[in-house]
Amino acid sequence: MCGIVGYIGYRDAYPIIIKGLHRLEYRGYDSAGISLFDKELKVYKKAGKVSDLENFVKGLDLGGSLGMGHTRWATHGAPSDRNSHPHSSNNRKLTIIHNGIIENYGIIKETLISKGHIFKSDTDTEVLIHLVEDIQNETGLDLKEAARVALTKVIGAYAIVIMSSEEPDLLIAARKGSPLVIGVGKGEYFIASDATPIVEYTKNVIYLNDNEIAYIHRDGLLVKNIDNTIQTPYIQELDMKLEMLEKGGYDHFMLKEIYEQPRSIRDCMRGRIYPQLGKVQLGGIKEYTEKLKNIDRIIIVACGTSWHAGLVGEYLIEEYARVPVEVEYASEFRYRNPIITEKDLVIAISQSGETADTMAAIELAKERGATIFGICNVVGASIPRTTHAGVYTHAGPEIGVASTKAFTAQVTVLTLMAFYIAQQRGTITQSKLVEHLTELNSIPELVEQALKSNDHIKEIAVKFKDSTNCLFLGRGSSFPVALEGALKLKEISYIHAEGYPAAEMKHGPIALIDDDMPVVFIATKDSSYEKVVSNIQEVKARKGHVIAIVTEGDTQVKEMADFVIEIPQTDQAFVPLLATIPLQLLAYHIAVMRGCNVDQPRNLAKSVTVE
Ligand code: G6P
């Protein structure tokens, strides 16, 4: 899950590549590097962020209208200058950038070392470019063919770009399991891991498919399958605006994305709900309507925040559609021997649509005959292209590494799916649907109201910014919200945080409570309110500090809690969409106050394309 950018055309490549790397930095920020070619092949690379690379190259020769760059999330080899991409061949004539993992690099490396190759890094990537050179030496094949043959010999996942000092009018790009997009301009082409570095130059893009290799010249490109058959690339138009990729006056992308939620939830519902008619319409899955009537079970697979959304979905689908639901970590599911039948529906949730474990879980379920739906945010990503059907979240590009608006959009889609399936299976009355959909339609305004607590939340953050631990507790569908609140806090502020079902607190976490422990409760007015109130008392009795998310107008919890944050009254089904908002803001402010880089937390990456 590194970021890749390439350019071939008539402009200076360097500014395009550096800007593109900044856009892709969410994919990894352990090191960055570039290759440029004008009269000679230049390689500059540096451990650290893209800005460190920029400082490093100041005053150096940055000329060339052919080039490529890489921002790395380290897998093989520590984050250091020498392990940074691009990597060069033994003869220094070829360079490569790579996203993914070459699993059989060890054996290939041994063979190459025995032939006299000298390696300069600990990476799997360097092995691949030496292999290309070796094939050229041994067979006399040209670079294009040698690269293709080399790719037939590697096992693993990759998106790569190769340049050669002897081919100043050629970039070679290939993908298998890691994304790669080619921007098609006039007399110029752009390559990137996603469309964000491309959108300001051209809206015409080709999403390379797995096992495809593109030979790109200034005046045209040829796409082949790895087995050497010529492919006809499909050029499509990007539905992305440049301002979606800017901070738009906010200090951080994360804050901008938190504030975008009224809009993103509205976009997610647009054209899909008809409150007065009591009707949900999901075009992406409508061909499977009959199938939905007969499914025995739904299995949701996902990772990270998307898994939390899946847990909320479990409550909603079981409640309304009355289908049993299991929610699985994709990484665990793929390595079990799960029992899957043709009567199962598997729903894969992924913001990026590229998460390796989720992809693998889909493949496994597909092999065993299940129907697979996707819930993805990035249009055209790998997951929506491998599932049978699906629903996009339409949250727009999410750039902050910690997921915010993608989560609420995923929950919104799951809510729509729950009602859609309920509608098909007749497990909900028309009048109930009218009632729920009317309320759902007002959620964007209620989210707007919830955001108004921002200043109050900032004051609370001041009190807890130096905490070392924090507990998040909730019941029912507020339990996954507690998990998500804990994840937000730990990933961006590095405070140890745990989410727990409130009633389970007595079976362990209660031992942690003392007068240093903040405990965040989701204590909204719903069917488990009284029980949660008792749990709050248990924490107070042990001198814990309680921050409670409550329903507007609540008086009971207000008397017990140290701090309360109100959210508007809504239908129990939609509480997760509102209760998440203050938890995102709390994590954000605490992280900012601790001086953390909220958009690029340490060791994390937004899109995890390795196991
Ligand atoms: C990474 C990200 C998380 C995300 C998870 C799953 O860990 O940092 O924010 O929830 O991957 O990603 P996906 O794109 O599949 O939703």
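Overview of the structure.

Examined against the element boundaries, M560 turns out to sit in helix α19 (residues 556–560). Considered as a pair, M560 and V533 are 27 residues apart in the sequence and their alpha carbons are 8.8 Å apart. Setting aside anything within four residues of it in sequence, one finds M560 in contact with V533, I536, Q537 and K540.

Another aspect to go through is the sheet that holds strand β18 (residues 297–302). Across the sheet, which stays open at both edges, the 5 strands sit in the order β19-β18-β20-β21-β22 with parallel pairing between neighbours. Two strands lie at the open edges of the sheet, namely β19 (325–329) and β22 (389–392), each paired on one side alone. Recorded for the sheet is a direction-independent mean angle of 20° between the axes of neighbouring strands. Where strand β21 (residues 371–376) meets β22, 4 bridges bridge the pair, whose relative direction is parallel. Looking at the pairing, C376 lines up with Y392 of β22. With respect to the sheet, helix α11 (residues 356–367) is in contact with β18, β20 (344–350) and β21, its orientation differing from that of β20 by roughly 165°.

On to the environment of S527. Looking at the secondary structure, you find S527 in the loop between β25 (518–523) and α18 (529–541). Spatially, the C-alpha atoms of S527 and T429 are 21 Å apart, while their sequence positions differ by 98 residues. A distance of 3.1 Å separates polar atoms of two side chains, one belonging to S527 and the other to Q572.

Quick look at unusual backbone geometry now. Following H85, the chain continues into P86 via a peptide bond in cis, with omega recorded as 0°. Checked against the element boundaries, P86 lands in the loop between β4 (66–72) and β5 (87–88). Here the phi dihedral of N211 falls at roughly 70°; this positive angle occurs in a residue that is not glycine. Here N211 shows up in the loop between β11 (204–207) and β12 (212–217). For N211, a relative accessible area of 27% gives the class partly exposed. With a phi angle near 70°, K543 is a residue other than glycine that sits in the positive phi range.

With that settled, the discussion passes to the site of the ligand. Close contacts around the ligand come from 13 residues, with S306, S350, Q351, S352 and T355 the closest. Q351 is positioned such that a nitrogen or oxygen atom in its backbone is 2.7 Å from an oxygen atom of the ligand. T355 is positioned such that a nitrogen or oxygen atom in its side chain is 2.4 Å from an oxygen atom of the ligand. Here the shell around the ligand takes 3 residues from helix α9 (residues 304–320), the largest share from any one element. Per-class residue counts for the shell around the ligand are 4 nonpolar, 8 polar and 1 charged.

Moving on: the packing of aromatic side chains. Using the criterion set out here, one finds 8 aromatic pairs in the structure. Both rings, one in F190 and one in Y201, keep their centres 4.9 Å apart while their planes meet at 10°; by these two values the pair is stacked. On the criterion of sequence distance, the pair formed by F190 in strand β10 (residues 189–192) and Y201 in the loop between β10 and β11 is long-range, its members being 11 residues apart. Residue F190 is classed as buried on the basis of its relative accessible area, which comes to 2%. Through a chain of ring-to-ring contacts, three or more aromatic side chains come together here, namely Y7, F190 and Y201. The ring of Y29 is capped by K49, whose NZ or CZ atom sits 4.6 Å from the centre of that ring. Above the plane of the ring of Y494 lies R602, whose end atom (NZ or CZ) is 3.8 Å from the centre.

In the contact formed by helix α17 (residues 478–493) and helix α20 (residues 575–593), the axes pass within 9 Å of each other and the chain directions differ by 15°. By the angle between their axes, α17 is roughly parallel relative to α20. Relative to α20, the crossing made by α17 is right-handed. For the pair α17 and α20, the contacting residues are S478, V481, E484, G485, K488, L489, I492 and S493 in the first and V575, P576, A579, T580, L583, A587, Y588, I590 and A591 in the second. Along the lines of polarity and charge, the residues of the contact of α17 with α20 split into 11 nonpolar, 4 polar and 2 charged.

What follows covers the pairing of β20. Extensive coverage of β20 is indicated by the burial of 7 of its 7 residues. By the alternation rule, side chains of β20 split into D344, V346, A348 and S350 and L345, I347 and I349, which are all buried. Taken together, the 6 bridges between β20 and β21 define a ladder with parallel strand orientation. By the bridge assignment, V346 is partnered in β21 with I372. After leaving β20, the chain enters α11 and then returns to the sheet as β21, a path that is right-handed.

The next thing to look at is the sheet that holds β4. Ordered by their spatial adjacency, 8 strands build an open sheet running β3-β2-β4-β1-β10-β9-β11-β15, and the pairing between neighbours is antiparallel. Bordering the open sheet on either side are β3 (41–47) and β15 (236–237), each of which pairs with just one other strand. Note that β11 and β15 share 2 bridges and pair antiparallel. Bridge pairing in β15 links N204 to E237. Of the strands in this sheet, β1 (3–8), β2 (31–37), β4 and β10 are in contact with helix α1 (residues 13–24), which crosses β1 at around 160°. Contacts from helix α2 (residues 50–57) reach β2, β3 and β4, with the element oriented near 130° to β3.

Calculation rules
Sequence order as written defines the numbering, with residues in each chain counted from 1. Given that the model is predicted, a residue must reach a pLDDT of at least 70 before its local features are reported, and side-chain atom pairs must reach 80 or more before they are shown or counted; all residues, however, enter totals for whole chains, interfaces and linings. Only hydrogens and water are set aside when side-chain values are computed; all heavy atoms of the structure are taken into account. Here a helix means four or more residues in a row that DSSP labels H or I, a strand means two or more in a row labelled E, and each is numbered from the N terminus. Residue contacts follow a heavy-atom distance rule, with two residues in contact if any of their heavy atoms lie within 4.5 Å. Two strands form a pair only when DSSP identifies at least two bridges running between them. Geometry is summarised by axes, namely lines fitted to C-alpha atoms with helices restricted to the contacting stretch, and by angles between N-to-C directions that run from 0 to 180 degrees. Two N or O atoms count as a polar contact when they lie within 3.5 Å, although within protein this holds only if one can serve as hydrogen donor and the other as acceptor, and sequence-adjacent residues are included solely when both atoms are side-chain atoms. For every residue, the accessible area obtained with a 1.4 Å probe (protein chains only) is divided by the maximum for its type, and the residue is called buried under 20%, exposed over 50%, and partly exposed between those limits. Near is defined per residue: the residue qualifies when any heavy atom it owns lies within 4 Å of the molecule or strand. For this scheme, ten residues count as nonpolar: Ala, Val, Leu, Ile, Met, Phe, Trp, Tyr, Cys and Pro. Four count as charged, namely Asp, Glu, Lys and Arg, and the remainder, Gly too, count as polar. Side-chain rings of Phe, Tyr and Trp (the six-membered ring for Trp) are treated as a pair once their centres are within 6.5 Å; stacked means planes under 30 degrees apart, edge-to-face means over 60, and tilted covers the remaining angles. A ring is considered to have a charge above it if a Lys NZ or an Arg CZ atom is located within 6 Å of its centre and within 35 degrees of its normal. Throughout, the term roughly parallel applies to angles under 35 degrees, roughly antiparallel to angles over 145, roughly perpendicular to angles from 65 to 115, and oblique to all others. Rotating anticlockwise by less than a right angle from the far helix to the near helix defines a left-handed crossing, while the corresponding clockwise rotation defines a right-handed one. Classification remark: right-handed applies to a crossover when, strands pointing away from the viewer, the course from the first strand over the helix to the second runs clockwise.

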